[in-house]
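Residue-level structural notes
One letter stands for each residue in the lines below.
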Amino acid sequence: MSKGLIILDPGHGKTGNPHTTKAGYYEGTQNFVLSQYLRDELVARGFDVKVTRETVDDNPELAERGSMAGRLGAKMFLSLHSNAPGASRSPEEYARVRGAETYYSVTDEEGNAPIARALNDAVVRTMGTLDRGIKTRRHPDDENTDYYAVIRNAAQSGCRRAFLIEHGFHTNHEDSAFLQSDECLARLAKAEAEVIDKYFALSLIHI
């Protein structure tokens, strides 16, 4: 019996956001690779998994990615990204900024925060990077609505367990070197799958 459906969303498209540390690597492609490892880890643990980008070349609209969660009755929506500093950073600072952070839906902060914390801890520990915290971001026109379109559309479609992980900075040498390694991405996928599996096991106990 399936433990439930999880939607994995590898952010951007194939060549979205190049790594500034090494030519030929992109946020969109490396997170697609991560999604494949994470899908396999979750399936092995008894989950059904749907990936918003079925091939590395796919690049669906943000609303389509998020709303897939509610349309298919998913228990969790997880968007996979890596980060870059704002343009205001000086050239000297730009490459030094690193660390992982996880955003979660404001539609159920009490329920989502512990999961976000566990996911972010797993990423920080596995990558050996800095902890930039767990966060919400609210829409400027409605404080009860999520800012990020994929989280917002997942929650509004009925899947309130909606998260976006920034897996380090693809502009930082240490973080990006990790993200460029298939072996490292496989370890990261295992760590995240363990967190998700544990959460679902605990939620079943409490039902």
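Residues numbered from 1 in each chain as written. Predicted model: local features only at pLDDT ≥ 70, side-chain atom pairs only at ≥ 80, totals over all residues. Heavy atoms only, no water.

Notes on the pattern of salt bridges
Enumeration over the complete set of coordinates arrives at 15 salt bridges. For the salt bridge of Glu194 with Arg45, the shortest nitrogen-to-oxygen distance reads 3.9 Å. Remark: Arg45 occurs in the loop between α1 (27–44) and β2 (48–51) and Glu194 occurs in helix α7 (residues 182–206); sequence separation between them is 149 residues. Residue Arg45 is classed as buried on the basis of its relative accessible area of 19%. One salt bridge in this structure joins Glu54 and Lys50, with 2.5 Å as the shortest N-O distance. Counted as one network, the salt bridges with shared partners bring together Glu41, Arg45 and Glu194. (Salt bridge = Lys/Arg side-chain N within 4 Å of Asp/Glu carboxyl O. Helix = DSSP H or I, 4+ residues; strand = E, 2+ residues; numbered from the N terminus. Buried < 20%, exposed > 50% of the residue type's maximum accessible area, 1.4 Å probe, protein only.)

Digging into unusual backbone geometry
Positive phi, normally seen in glycine, also occurs at His12, with a value near 70°. Relative to the elements of secondary structure, His12 occurs in the loop between β1 (5–10) and α1. The exposure class of His12 is partly exposed, given its relative accessible area of 31%. Located in the positive-phi region is Asn17, a residue other than glycine, with phi close to 60°. With respect to the helices and strands, the residue Asn17 is situated in the loop between β1 and α1. Given a relative accessible area of 33%, Asn17 falls into the partly exposed group.

Quick look at the pairing of β1
Along β1, six of the six residues are buried, which leaves the element largely enclosed by surrounding structure. Residues Leu5, Ile7 and Asp9 line one face of β1 and the alternating positions Ile6, Leu8 and Pro10 line the opposite face, and both faces are buried. Sheet analysis places β1 next to β2, joined by four bridges and oriented parallel. Within β2, the residue paired with Leu5 across the bridge is Asp48. Of the crossover connections in this fold, the one passing from β1 over α1 to the parallel β2 is right-handed. Pairing between β1 and strand β3 (residues 76–83): five bridges, direction parallel. Within the sheet, the bridge partner assigned to Ile6 lies in β3 and is Met76. (Pairing = 2+ DSSP bridges. Right-handed = clockwise from strand over helix to strand, strands pointing away.)

Concerning the sheet that holds strand β8 (residues 162–169)
The mixed open sheet is built from six strands, whose spatial order is β2-β1-β3-β8-β4-β5. The open sheet is flanked by β2 and β5 (131–135), the only strands paired with a single partner. On average, adjacent strands in this sheet sit at an angle of 15° to one another, irrespective of strand direction. The sheet contact formed by β3 and β8 spans six bridges and is parallel. What sits directly across from His81, in β8, is Glu166. (Axes fitted to C-alpha atoms, helices over the stretch in contact; angles between N-to-C directions.)

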